[in-house]
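Spelled out, the chains give:
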Amino acid sequence: MLRWLSRVLDAAVPTRGYGWLCAVVAAVVAGLFAVFVTGVGGPVVSQNASNVALFGAALCAAWGCLVKVWRADGRRARLAWAFTGLGSLSWGVGQMFCIWYETVLNQEVPFPSMADAGYFWMMPFTAAGLLLLPMSRQSVAQQARSILDGLMIAVSLLLVAWVLILGPLVHQGADSSLALLITLWYPGGDVVVLTVVLFMLARLRRGGPRPMSLPLVGIGLLAFTVSDSGYAYLTLIDSYGSGAVLDLGWFVGFALILLASRKPGTASAEDDAHALTRPLGVMLPYIAVLAALVTSTFEVLRHGMHDSIVSWSRSAIILLIVGRQLLTLLENRVLTRDLELRVEARTAELRASEQRFRALVQHSSDVVTVMGADGTVTYQSESIQRVFGYDPSFATGIVLPDVINAEAGRILREAIDAIGDTPYASRVVEIAIDHADGHRCLAEVTMTNLLTDASVQGIVLNSRDISERKELEDQLVHEAFHDGLTKLANRALFKERVEAALRRRREDRSVAILFLDLDGFKEVNDSLGHAAGDTLLVQVADRLGAAVRPGDTVARFGGDEFAVLIDEVAGADDADELAGRIIAALDEPFGIDNQEIHVQGSIGIALTGPDAQDADQLMRNADLAMYRAKSAGSGLFARYDPQMHSGLVERLQLGADLRRALDGDANELQLHYQPTIELRTGDIVGFEALVRWRHPVRGMIPPADFIPLAESTGLIRPLGRWVLAEASRQAVAWGFDQPGRAMTMAVNVSGVQFDQPDLPQVVAAVLAETGLPPDRLCLEMTESVLMTDTEENLAVLVSLKDIGVKLAIDDFGTGYSSLAYLRRFPVDTLKIDRSFVERLTGAAPDAALARTIVQLGQSLGMATVAEGIEQYAQFLALRRMGCDLAQGYYFSRPLPAGEAGELLRDPAAIAA
């Protein structure tokens, strides 16, 4: 009971603010009631209190409805509230005229008057607003039923109103026809509006949106009806006066409309637990009919007869009830037929489902078996003949665990015991079953306990032959752990076996690993093709297998890399002996495509020890040793030494430090500048920028140590850009960009940088950033750039020349440049390597090579620069040869920017 009361209160007063509004309205109603009943202050006070209260109530109700217009969802809901608010506003206008007559003019309100013009339009506006309320969509039959319900309510209320109100008013008469019409309009309009309210409530019983609290509005309009009816009767007998208790009906009506407009929420009937989906909503038309019947019967009992309007109304109600019942019968018949069709369709669907299930079971790739808790087969699907070759009738009735092989029977018994006590428990087992033709099959059996299921009453076995799947799995596992070409173990299996060997290693024994890399394999692939290379790898694998012991593992890691695991060795000499046998085996020529192929291998050896306790460390050590052997020459082996690892760690650390130096702002990287001298005049015509690295711990690191590291790690690209930008910026600071100072800044460019397709864009961006003219920059490259990726490098050099920079070949004469390359590439300068300059002095001076390069440059229109001049004799010899430019310690060593700037300002410091 308390929960029901709480639920009712929550629905009636959903929020605290709304509860305060209800309390204020109730207090005002109680106050007015006290004033009207006690007559405190006299008739004038009661009259003025009534007029003001009614005017204020009408305006408040209109305000509440119009505010709701802005918050309502949907056009129809906003129109419904707008018309309802206009009805209250119209009544308030009529009340304003009433106040004018009674309070301002101090006279009785004439009847009819302008006040009635305002009162008159309230009911049409309110009825229109209620009829505009949005409703859920209905079928044709539902719409017809709603119309009949509305007509039943309308005729019934009209009959009640005629008997109780309208009939007596007509018989009473009035001063004029207009007065009678207006008098009848008030209760008649109320009846119409109440009919609309009840009609809408009857429709809402089937759900849909509820943008208005119809119960509150309906009770308010019922209060209006009481007051309008009393007003009509008292007006006809000239007994009505403002300030009577009768006025409370109008006030309560407006107050309830205000509360309806301010009530929070727009719940739907489907979501509201107290929506009118209960019998009250369905019975509303019949309640109205019952009220009409009781009223008309009472009229007959009181007067012994009734007039024609009552008779016609009762007849109309009877016809409407008959139509309503016929419509219900038709709907029930259609509903019954629909239900029969649905039952038939459902029955057919169930029958088809049963047949489909039977077909699936009988023809399924799974074998379905039902057996009791003791293992006796009670049902066997026909698919057993197709899968395992047995007749279904043979299987039915046998004790399955007893007739199959002993191992499979044991597994089935254990599974039955495991799931036998738990309904719907299941277990999957794999058992070997003998096929009817004698071969052994591997079956996967899913066992489900359905002993408690009334339709099964057994343990269901779903069995499938997974022999092919197991074979495929084994094949995939083999392929996953073996090399597809040589059939040797791959890296994953090799590592797994190394770990297993380490686990079972004895203290007096060692585990050894040999890493082998073929020397010359790339040349075989390039010259004879990949098919020949694959044949060579297969033959190498065969020779490795023949060279090792029976228990050793040979693996191929990919490409031309192989590995050998020696499970147990007494010492390093055993591993060395095996490496020697492998190298000897590879020395024999290989016959491929009627050709003899000679390849050799470089082998790295690693044994367990303090620095190799797990598989990863052992394999890493063997790899390092293999690279050491490869660097020493072909056909050699090397044993791992801890210094190999420390050298690798040092190289990694140096690479990390170089990256930090490039990213940081510690100014570890610096540029030194070596001047370029014109031999004929002795003037400085430019500088060559040389990078230096002052490590915070190791001190000055030679470029020969960190430049190859930068090339191998890719750091040469950011390093090269930094050198280019810093040198260009310094050249601008020295005034190289001035028109009258034709000096050049030379910057070395690594061959790795030429792999960048955007090298020209990088150079152009640096020149634009620093403001150095392109013709003041000279990029120096080695001869290797001309020999590798010729077409690509030629395109890069042409793009650089298009920018306007100068190009020079550094250390010319030490590589393999040909005259054809020199003519094709847009080179401006040849730099004579210092090894040729050194030959100009000594016991037997040799100037032929240097002279040849100078003459070559002159014939090709290129400037020549001699590097490494340290003696006056070298300087004099080169100048006599016609060499253009020179560099070397004879003139100046590479200097920091500050000292080089001083030298530029005081050229006299140069030895000439």
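None of these values were measured; they are calculated from a predicted model.

Participant: Help me understand the environment of T369, please; the structure alone is not making it clear to me.
Facilitator: For T369, the position within the fold is in strand β1 (residues 367-371). On the basis of relative accessibility, which here comes to 5%, the residue T369 falls in the buried class. Put simply, T369 and L461 are 92 residues apart on the chain and 4.9 Å apart in space, counted from C-alpha to C-alpha. Within the local environment of T369, its side chain forms a polar contact with the side chain of Q380, the two groups lying 2.8 Å apart.

Participant: I'm lost on the sheet that holds strand β6 (residues 510-519) in this one. Help?
Facilitator: If you walk across this open sheet you meet the five strands as β7-β8-β6-β11-β12, and the pairing is mixed. With partners counted over all chains shown, the strands left at the sheet margins are β7 (553-558) and β12 (637-639), one partner each. Strand-to-strand, the axes of this sheet are offset by a mean angle of 20 degrees, without reference to chain direction. Where strand β11 (residues 600-607) lies against β12, three bridges are found, and the strand directions are parallel.

Participant: Even after reading the chapter, I still don't get the pairing of strand β14 (residues 684-695), so can you show me in this structure?
Facilitator: Regular strands show a simple pattern: their side chains alternate between the two faces of the sheet. Most of β14 is tucked away, with 10 of its 12 residues classed as buried. In terms of strand pairing, strand β13 (residues 669-678) meets β14 through nine bridges, oriented antiparallel. Paired with Y673 across the bridge in β14 is A689. Joining the antiparallel neighbours β13 and β14 is a turn of five residues, in which G682 adopts a positive phi near 80 degrees. As defined by bridge partners, β14 adjoins strand β16 (residues 744-748) across four bridges and the pair is classed as parallel. Bridge pairing links E688 to A746 in β16. As paired elements, β14 and strand β15 (residues 699-701) share three bridges and run antiparallel to each other.

Participant: What's the story with the nonpolar core in this structure? I'm lost.
Facilitator: Nonpolar side chains in soluble globular proteins tend to be buried together. In terms of nonpolar packing, the biggest core is built from 75 residues, with M745, L779 and L800 touching the most fellow members. For L800, the contacting residues outside a window of four places in its chain are F754, L759, P760, V763, L779, V805 and L807. In terms of nonpolar packing, the next biggest core, distinct from the first, is built from 38 residues, A82, M123, L133 and I257 among them.

Participant: What is the right way to look at a negative patch on the surface in this model?
Facilitator: Taken together, D465, E468, E471 and D474 make up a surface patch of like negative charges. Per element, the largest residue contribution to the negative patch is three residues, and it comes from helix α17 (residues 467-480). Take E468: it is sitting in helix α17.

Participant: Teacher, can you tell me more about the pattern of salt bridges here?
Facilitator: Two side chains that carry opposite charge are able to pair once their charged atoms sit near each other. Taken as a whole, this structure holds 29 salt bridges when the rule is applied. Linking E414 and R410 is a salt bridge whose minimum nitrogen-to-oxygen distance equals 2.8 Å. Of this pair, E414 and R410 both sit in helix α16 (residues 406-419), four residues apart, roughly one helical turn. Residue R410 is classed as partly exposed on the basis of its relative accessible area of 36%. Notably, a salt bridge pairs D828 with K801, separated by 2.9 Å at the nearest N-O pair.

Participant: Explain the packing of aromatic side chains to me, please; I cannot follow it from the model alone.
Facilitator: Working definition: an aromatic ring pair is given by the centre-to-centre distance plus the angle between the planes. The full count for this structure, using the stated rule, is 12 aromatic pairs. Taken together, a centroid distance of 6.1 Å and an interplanar angle of 50 degrees make the contact between W734 and F736 tilted. Accessibility classification places W734 together with F736 in one group, the buried group. Note on Y890 and F891: the rings are 5.2 Å apart at their centroids and 80 degrees apart in plane angle, and the pair reads as edge-to-face. Given the relative accessible area of 17%, Y890 is considered buried. The ring of F557 has R491 sitting right over it, with the charged end atom 4.1 Å from the ring centre. The ring of F590 is capped by R543, whose NZ or CZ atom sits 3.6 Å from the centre of that ring.

Participant: I would appreciate a short explanation of the sheet that holds strand β5 (residues 458-465) in the present structure.
Facilitator: Working definition: the strands of a sheet are paired by backbone hydrogen bonds and lie parallel or antiparallel to each other. Taking strand neighbours across the sheet as the criterion, the five strands line up as β2-β1-β5-β4-β3 in an open arrangement whose pairing is antiparallel. In the strand order of this sheet, the two ends are held by β2 (377-380) and β3 (426-434), each with one partner. Averaged over all pairs of adjacent strands, the angle between their axes in this sheet comes to 25 degrees, without regard to strand direction. The pairing of β1 with β5 spans five bridges and is antiparallel. In the strand pairing of β5, V367 is matched with S463.

Participant: Which parts of the structure should I look at to understand a nonpolar patch on the surface?
Facilitator: On the surface, a cluster of nonpolar side chains totalling about 360 Å² of accessible area is made up of L59, L86, L89, V93 and M96. The leading source of residues in the nonpolar patch is helix α4 (residues 75-104), at four residues. Locating L89 in the fold gives a position in helix α4.

What counts, and where the lines are drawn
Residues numbered from 1 in each chain as written. Predicted model: local features only at pLDDT ≥ 70, side-chain atom pairs only at ≥ 80, totals over all residues. Heavy atoms only, no water. Helix = DSSP H or I, 4+ residues; strand = E, 2+ residues; numbered from the N terminus. Buried < 20%, exposed > 50% of the residue type's maximum accessible area, 1.4 Å probe, protein only. Polar contact = N/O pair within 3.5 Å; in protein donor to acceptor, adjacent residues only side chain to side chain. Pairing = 2+ DSSP bridges. Axes fitted to C-alpha atoms, helices over the stretch in contact; angles between N-to-C directions. Core = buried A, V, L, I, M, F, W, Y, C linked by side-chain atoms within 4.5 Å. Contact = heavy atoms within 4.5 Å. Patch = residues over 30% accessible without salt bridge, like charges linked within 9 Å, V, L, I, M, F, W, Y side chains within 5 Å. Areas by Shrake-Rupley, 256 points an atom, 1.4 Å probe, with all protein chains shown as cover. Salt bridge = Lys/Arg side-chain N within 4 Å of Asp/Glu carboxyl O. Lys, Arg positive; Asp, Glu negative; His and termini not counted. Charge placed at Lys NZ, Arg CZ, Asp CG, Glu CD. Phe/Tyr/Trp six-rings, centres within 6.5 Å; stacked < 30°, edge-to-face > 60°. Lys NZ or Arg CZ within 6 Å of the ring centre and 35° of its normal.

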